[in-house]
Amino acid sequence: METSKKASALKSFLVHLVLIVLSFMCLFFFYILIVNATRSHADLQKGFSALPGKYFLTNFKSVANDGTFPMLKGIVNSLVVSSCSAALSTYFSSLTAYGLYTYQFKLRNAAFTFIMAILVMPTQVTAMGFLRLITKMGMYDTLLPLIIPSIASPAIFYFMYSYLQSSLPLSLVEAARIDGSGEFRTFNRIVLPIMKPAIAVQAIFCFVGSWNNYFVPALVLQSKNKMTVPVLIALLRGADFMSFDQGKIYMMITVAIVPIVIVYLLLSKFIIAGVTLGGVKE
């Protein structure tokens, strides 16, 4: 009995030790980022330091008051693009997955294969054609090309389709149809609440992916007041060496990750609830 207690205590100690090490590895780089945002360019040139500096407000004011660098406008642009992309991609991908899952038609397998084929196609392959298309449509140097294409998201569609296969019984849809519910009403009132955990997960991934996206915004945006955060940070990094300020860059990166953390904190409760409900079987 005593040996069993010692073995259990040792196992618990090792588990907590591993968790502490992993937590430290994950949070250490965020800590260093925040510390560097509080140091001046001269201090950063001296090398690594784990202690915060005294230039947090100075760096923040330097970024906020820079007339050639619209930080607040860039954050607003990124919020608009990321939020709209997350909403459109999760809703329409869920709707597409619902259609392919519940309807039986001849080209069902062909449609699924076609969507999966698009999934493996790199964005860079179609970049020039995409650029010519939006230029002819008059959407060059606007935020629309960053939002509208998110309606078609094969990766999110596949995740939603797999989630429906495991969570939505077709008998529930048939019962709603028998009761006279229309397809859109069935989807919005019955299917979407069931898919809430999956939507929360994919909304986080889509928001973060859209927020960090650099390639497409750099391709279609030219005006500084329309640029997103990654493009503006790249402009800071490519500034003239004599006016290059590392403290300013670290501050901008610190500010840029705040909305991502807030979105995760708001949606994480749905993920936890989904995992808890998924473990209960009737």
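Residues numbered from 1 in each chain as written. Predicted model: local features only at pLDDT ≥ 70, side-chain atom pairs only at ≥ 80, totals over all residues. Heavy atoms only, no water.

Caption draft 1: Local environment of the confidence of the model for the protein chain. Considering every residue of the protein chain, the mean pLDDT works out to 83; 91% of them sit at 70 or more. Ranking the helices and strands of the protein chain by mean pLDDT puts helix H7 (residues 144-147) first, with 92, and helix H14 (residues 246-278) last, with 73. This model gives residues 277-282 a pLDDT under 50, and the stretch forms zero contacts once residues within four places in sequence are excluded. (pLDDT = per-residue confidence, 0-100. Helix = DSSP H or I, 4+ residues; strand = E, 2+ residues; numbered from the N terminus. Contact = heavy atoms within 4.5 Å.)

Caption draft 2: Representation of the packing of helix H10 (residues 183-194) against helix H11 (residues 196-212) within the structure. Packing of H10 against H11 leaves a shortest axis separation of 4 Å and a crossing angle of 70 degrees. Between H10 and H11, the angle falls in the class roughly perpendicular. For the pair H10 and H11, contact is made by Leu192, Pro193 and Ile194 and by Lys196, Pro197 and Ile199, respectively. (Axes fitted to C-alpha atoms, helices over the stretch in contact; angles between N-to-C directions. Parallel < 35°, antiparallel > 145°, perpendicular 65-115°, else oblique.)

Caption draft 3: Examining the layout of surface pockets more closely. Volume-wise, the largest pocket comes out at about 1,200 Å³. Among the elements of the structure, helix H4 (71-102), helix H5 (108-119), helix H6 (127-136), H7, helix H8 (154-167), H11 and helix H12 (215-220) are those that each provide at least two residues to the lining of the largest pocket. Residue contributions to the lining of the largest pocket peak at six residues, all from H4. Here the lining of the largest pocket is composed, by residue class, of 25 nonpolar, 13 polar and no charged. (1 Å grid on protein atoms, 1.4 Å probe; cavity = no way out; pocket = protein on both sides within 12 Å on 5 of 7 lines; lining within 4 Å. Points joined across faces, edges and corners; volume = space filled by probe spheres on them. Nonpolar A, V, L, I, M, F, W, Y, C, P; charged D, E, K, R; others polar.)

Caption draft 4: Spatial organisation of the pattern of salt bridges. Evaluation of the coordinates by the stated rule reveals three salt bridges. The closest approach of N and O atoms between Arg177 and Glu174, which form a salt bridge, is 3.2 Å. With Arg177 and Glu174 both in helix H9 (residues 170-178) and three residues apart, the pair spans about one turn of that helix. Residue class for Glu174 comes out partly exposed when judged on its relative accessible area of 40%. (Salt bridge = Lys/Arg side-chain N within 4 Å of Asp/Glu carboxyl O. Buried < 20%, exposed > 50% of the residue type's maximum accessible area, 1.4 Å probe, protein only.)

Caption draft 5: Local environment of the environment of Asn59. Note on placement: Asn59 falls in helix H3 (residues 56-64). You can call Asn59 buried: its relative accessible area is 4%. Separated by 190 residues in the primary sequence, Asn59 and Ile249 have C-alpha atoms spaced 8.8 Å apart. Not counting the four nearest positions on each side in its chain, Asn59 is found in contact with Ala37, Thr38, Arg39, Gly247, Lys248 and Met251.

Caption draft 6: Expanded view of unusual backbone geometry. Phi is positive for Asp141, close to 65 degrees, though the residue is something other than glycine. Positionally, Asp141 belongs in the loop between H6 and H7. With relative accessibility at 13%, the residue Asp141 sits in the buried group.

Caption draft 7: Expanded view of the environment of Ser150. On the secondary structure map, Ser150 appears in the loop between H7 and H8. With a relative accessible area of 14%, Ser150 lands in the buried category. For the pair Ser150 and Lys136, spaced 14 residues apart in the sequence, the C-alpha separation amounts to 20 Å. The residues touching Ser150, leaving out its near neighbours within four places in the chain, are Cys84, Ser85, Leu88 and Ser89.

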